[in-house]
Amino acid sequence: QVQLVESGGGLVQAGGSLRLSCAASGRIFSINRMGWYRQAPGKQREFVAHIISSTDRTNYADSVKDRFTISRDNAKNTVSLQMNSLKPEDTAVYYCNANVVTMVRTNDYWGQGTQVTVSS
């Protein structure tokens with residue numbers, strides 16, 4: 001089984017910065033795409049950002065564009081999310097997501113999530 005583990009969440013003041021990271025492990029041949037979703041209390045889980053492995057093309061939700069930057073270390077199967085100018089509305093559990101190729105199938109995998117809290 002493939003496992004994704006997030007780290008870097010915490011409490012930060014509005015306007016501050018935080019860097020999340022996610023490491024993928026297991027029987028991985030390759031990773032097509034890695035990204036981040038988030039879910040605030042009482043809200044639907046929403047897309048934040050992703051990066052395509054083969055092209056390094058990135059995509060961001062409008063709410064985080066110009067504030068967040070996603071990057072990936074393909075050799076180490078890790079992805080990071082640099083979050084700057086944080087706002088209280090960024091408060092959520094952030095989940096790592098990856099589309100992973102294994103010897104038996106290609107599937108999406110999810111991490112357990114890491115809490116990000118932005119205070120005003």
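Residues numbered from 1 in each chain as written. Predicted model: local features only at pLDDT ≥ 70, side-chain atom pairs only at ≥ 80, totals over all residues. Heavy atoms only, no water.

**Let's talk about the overall build of the chain**
Then, number 1: Helix and strand counts for the chain stand at zero helices and 11 strands.
Then, number 2: Relative to the 2.2 N^0.38 estimate, which gives 14 Å for 120 residues, the radius of gyration of the chain is 14 Å and therefore close to what a compact globule would have.
Then, number 3: C-alpha atoms of the chain, sized along the principal axes, occupy 45 × 25 × 20 Å.
Then, number 4: When burial is assessed residue by residue, the chain has 40% of its 120 residues classed as buried. (Helix = DSSP H or I, 4+ residues; strand = E, 2+ residues; numbered from the N terminus. Rg over C-alpha atoms; globule rule 2.2 N^0.38 Å. Buried < 20%, exposed > 50% of the residue type's maximum accessible area, 1.4 Å probe, protein only.)

**Observations regarding the sheet that holds strand 8 (residues 78-83)**
Then, number 1: Spatially, 1-3-8-7 is the arrangement adopted by the four strands of the open sheet, whose pairing is antiparallel. Since the sheet does not close on itself, it has two edges, and those belong to strand 1 (3-7) and strand 7 (68-73), each with one partner. Each neighbouring strand pair of the sheet contributes to a mean axis angle of 15°, computed without reference to strand direction.
Then, number 2: Both strand 7 and strand 8 contribute to a ladder of six bridges, which runs antiparallel. (Pairing = 2+ DSSP bridges. Axes fitted to C-alpha atoms, helices over the stretch in contact; angles between N-to-C directions.)

**Digging into the nonpolar core**
Then, number 1: Counting 31 residues, the largest nonpolar core has W36, L81, M83 and Y94 as the members making the most contacts within it.
Then, number 2: Of all elements in the fold, only strand 3 (18-25), strand 4 (30-39), strand 5 (46-52), strand 7, strand 8, strand 9 (92-101) and strand 11 (114-119) reach the threshold of two or more residues within this core.
Then, number 3: No other element matches the five residues that strand 9 contributes to this core.
Then, number 4: With sequence-adjacent residues up to four places away left out, L81 is seen in contact with L18, R19, L20, W36, V48, A49, F68, T69, I70 and Y94. (Core = buried A, V, L, I, M, F, W, Y, C linked by side-chain atoms within 4.5 Å. Contact = heavy atoms within 4.5 Å.)

**Some points on the pairing of strand 11**
Then, number 1: Of the two faces of strand 11, the one holding T114, V116 and V118 is buried and the one holding Q115, T117 and S119 is not buried anywhere.
Then, number 2: Bridge count for strand 9 against strand 11 is three bridges, and the pairing is antiparallel. Residue V93 lies in a different strand from strand 11, and its bridge partner there is Q115.

**Re the packing of aromatic side chains**
Then, number 1: Under the definition given, this model contains two aromatic pairs.
Then, number 2: On the numbers, 5.6 Å between centres and 75° between planes, the contact of Y37 with F47 is edge-to-face. Placement of the pair is Y37 in strand 4 and F47 in strand 5, with a sequence separation of 10 residues.
Then, number 3: Given the relative accessible area of 23%, F47 is considered partly exposed.
Then, number 4: Seen in terms of ring centroids, Y37 and W110 are 5.0 Å apart; in terms of plane orientation they differ by 65°. Their pairing is edge-to-face. Taken together, the positions of Y37 in strand 4 and W110 in strand 10 (residues 106-110) put the pair 73 residues apart, joining distant regions of the chain.
Then, number 5: On the basis of relative accessible area, W110 is assigned to the partly exposed category, the value being 38%.
Then, number 6: Sitting over the face of the ring of W110, R45 holds its NZ or CZ atom 4.9 Å from the ring centroid. (Phe/Tyr/Trp six-rings, centres within 6.5 Å; stacked < 30°, edge-to-face > 60°. Lys NZ or Arg CZ within 6 Å of the ring centre and 35° of its normal.)

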